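# Geometric and topological summary
Listed below, chain by chain, are the residues.
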Amino acid sequence: MYRSDVVSEESERTAFRKAEKKYKIYYDNNKKKKIARPVDLSEVVDFKSILERYNCNGELMEGVSVLTCDFNRPIFCLESRPGFYFIPGALSVGEQCQWIRESLTSFPQPPDRTNHNAIYGPIEDLFVSAKEGKVLVLDERLPDDVSLEINVIQSDTDAPQWKFVEELDASHGRDVSKSVPASVLLRKLRWSTLGLQFDWSKRSYNVSLPHKKIPDALCQLAKRMAAPAMPRGEEFQPEAAIVNYFGLGDMLGGHLDDMENDWSKPIVSMSLGCKAIFLLGGKSREHPPIAMFLRSGDVVLMAGEARECFHGVPRIFTDAENAEISQLESQFAGEDDLPYLNYIRTSRININMRQVF
């Protein structure tokens, strides 16, 4: 699904890599508190400001145009990147909260796969287990005479079997070296896959892997968002998705999404949570990328020539001043919403929908 060039001394000197290093978060040495070094954001394109100016007086910055179509809000294009479309604030706050909840509770559920499968096999109810303070332990380490509320996990072939149990310390006879708190696993969740599953070892879709159907509501949303970038007379058919999870300091290196059959069909990318910087380069890493802000609710479409452009996320903003999630904080106001609020205050989620065939 992703292709990145092999890291070498030469790739470290490319224009794309220089931009990644420019915007990546670095810290000054401070024993009392980690303080992020200031970064120059003056060259980052801000489509929120572009939208506000366009709605006020119809003006656009140089190199940006508006797509003429019957969509319900302005869609901006970059004249230097044909096939790239940016829809600021495309998702309502209610929709953002809905898909944040689904991304944490439903999307990582087996048989759909996550980055944890390789080590622990499929993990059931990760978010709920983290909320309840449970611990993942090797099944073979569980004493036969201990009666606990346990979520049994059917592991991958040749992988050890793991179970969630109520948190117990070493005095209960449990080998703490073979246990992982669910809260740690949640923070180390990096991706989950929906619909057709991607085989990362073979870099191709494996239609034989078991999977759940992508939720119909998400499919309908993706179809509506994709419509402006679709070939005339065709409708987007969501067949697979990858959900990326970002925490403080995480980044997504420059890559291509090049494993789908028809690049005329767009990738539909929905941003949720903390603000990020997105880099959109060219067909070579030597091509200087354009940096832009991605906020919660923004949607990006990449089709045609834009599918051949390297792109990545070098930084997310988790500090209160720059994260820009006040609307989400207001929406996640109930007692039951607190676990979602605590997660999204320091995280970003990105849902990428794809038509494979």
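Please read all numbers here as calculations on a predicted model, not as lab measurements. (Residues numbered from 1 in each chain as written. Predicted model: local features only at pLDDT ≥ 70, side-chain atom pairs only at ≥ 80, totals over all residues. Heavy atoms only, no water.)

The helix and strand inventory of the protein stands at eleven helices and 20 strands. Out of the 357 residues belonging to the protein, those deemed buried represent 50%. Relative to all contacts within the protein whose residues are 6 or more apart in sequence, the contacts with residues 24 or more apart total 75%. About 17200 Å² of surface is accessible on the protein, with carbon and sulfur atoms providing 48% of the total. (Helix = DSSP H or I, 4+ residues; strand = E, 2+ residues; numbered from the N terminus. Buried < 20%, exposed > 50% of the residue type's maximum accessible area, 1.4 Å probe, protein only. Contact = heavy atoms within 4.5 Å. Areas by Shrake-Rupley, 256 points an atom, 1.4 Å probe, with all protein chains shown as cover.)

So, on to helix α8 (residues 216-226). Among the residues making up α8, those that are buried are Leu 218, Cys 219, Leu 221, Ala 222, Lys 223, Met 225 and Ala 226. Here the buried face of α8 lies against β5 (84-87), α4 (93-105), β10 (191-195), β15 (267-273), β18 (299-302) and β20 (347-354).

Let us now look at the sheet that holds strand β16 (residues 276-280). What holds strands together in a sheet is hydrogen bonding between their backbones, with the strands either parallel or antiparallel. One open sheet accounts for four strands, arranged β14-β19-β16-β17; its pairing is antiparallel. Of all the strands in the sheet, just β14 (252-255) and β17 (290-294) have a single pairing partner and so form its edges. When the angles between neighbouring strand axes are averaged without regard to direction, this sheet yields 25 degrees. As paired elements, β16 and β17 share five bridges and run antiparallel to each other. By the bridge assignment, Ala 276 is partnered in β17 with Leu 294. (Pairing = 2+ DSSP bridges. Axes fitted to C-alpha atoms, helices over the stretch in contact; angles between N-to-C directions.)

A separate point is the packing of aromatic side chains. All chains considered together, the criterion is met by ten aromatic pairs. An angle of 85 degrees between the planes, with centres 4.9 Å apart, marks the rings of Tyr 120 and Trp 162 as edge-to-face. Of this pair, Tyr 120 sits in helix α5 (residues 117-120) while Trp 162 sits in strand β8 (residues 162-165), placing them 42 residues apart in sequence. Assessed through its relative accessible area of 12%, Tyr 120 is described here as buried. On the basis of relative accessible area, Trp 162 is assigned to the buried category, the value being 7%. In textbook terms, an aromatic cluster arises when at least three aromatic residues are bridged by ring pairs, as seen for Phe 47, Tyr 54, Phe 76 and Phe 86. A cation over an aromatic ring shows up here: Arg 101 above the ring of Tyr 340, its NZ or CZ 5.8 Å from the ring centre. A cation over a ring is seen here: Lys 275 above Phe 317, with NZ or CZ 5.2 Å from the ring centre. (Phe/Tyr/Trp six-rings, centres within 6.5 Å; stacked < 30°, edge-to-face > 60°. Lys NZ or Arg CZ within 6 Å of the ring centre and 35° of its normal.)

Turning our eyes to something else, we now look at the UniProt feature "binding site: Fe cation" (unreviewed entry) in the protein. The feature "binding site: Fe cation" (unreviewed entry), as given by UniProt, occupies His 255, Asp 257 and His 311 in the numbering adopted here. A maximum C-alpha distance of 9.0 Å places the annotated residues, which cover 57 residues in sequence, within one compact spot. Taken from the residues named earlier, the lining of the largest cavity is made up of His 255, Asp 257 and His 311. Summarising the element assignment, Asp 257 is placed in the loop between β14 and β15. By relative accessible area, which is 5% here, Asp 257 ends up buried. At 2.6 Å, the side chain of Asp 257 and the side chain of His 311 are in polar contact. On the secondary structure map, His 311 appears in strand β19 (residues 311-316). (UniProt positions renumbered as here; feature names shortened; annotations may be inferred. 1 Å grid on protein atoms, 1.4 Å probe; cavity = no way out; pocket = protein on both sides within 12 Å on 5 of 7 lines; lining within 4 Å. Polar contact = N/O pair within 3.5 Å; in protein donor to acceptor, adjacent residues only side chain to side chain.)

Another aspect to go through is the sheet that holds β5. Across the sheet, eight strands lie side by side as β3-β4-β5-β18-β15-β20-β13-β10; this open sheet has antiparallel pairing. Looking at which strands have only one partner, the edges of the open sheet turn out to be β3 (64-66) and β10. In this sheet, neighbouring strand axes are inclined to one another by 20 degrees on average, regardless of whether the strands run parallel or antiparallel. Note that β15 and β20 share six bridges and pair antiparallel. Looking at the pairing, Leu 272 lines up with Ile 349 of β20. Against the sheet, helix α3 (residues 47-57) touches β3, β4 (76-78) and β5, its axis set at about 120 degrees to β4. Sheet strands in contact with α8 are β5, β10, β15, β18 and β20, and its direction is about 115 degrees off that of β15.

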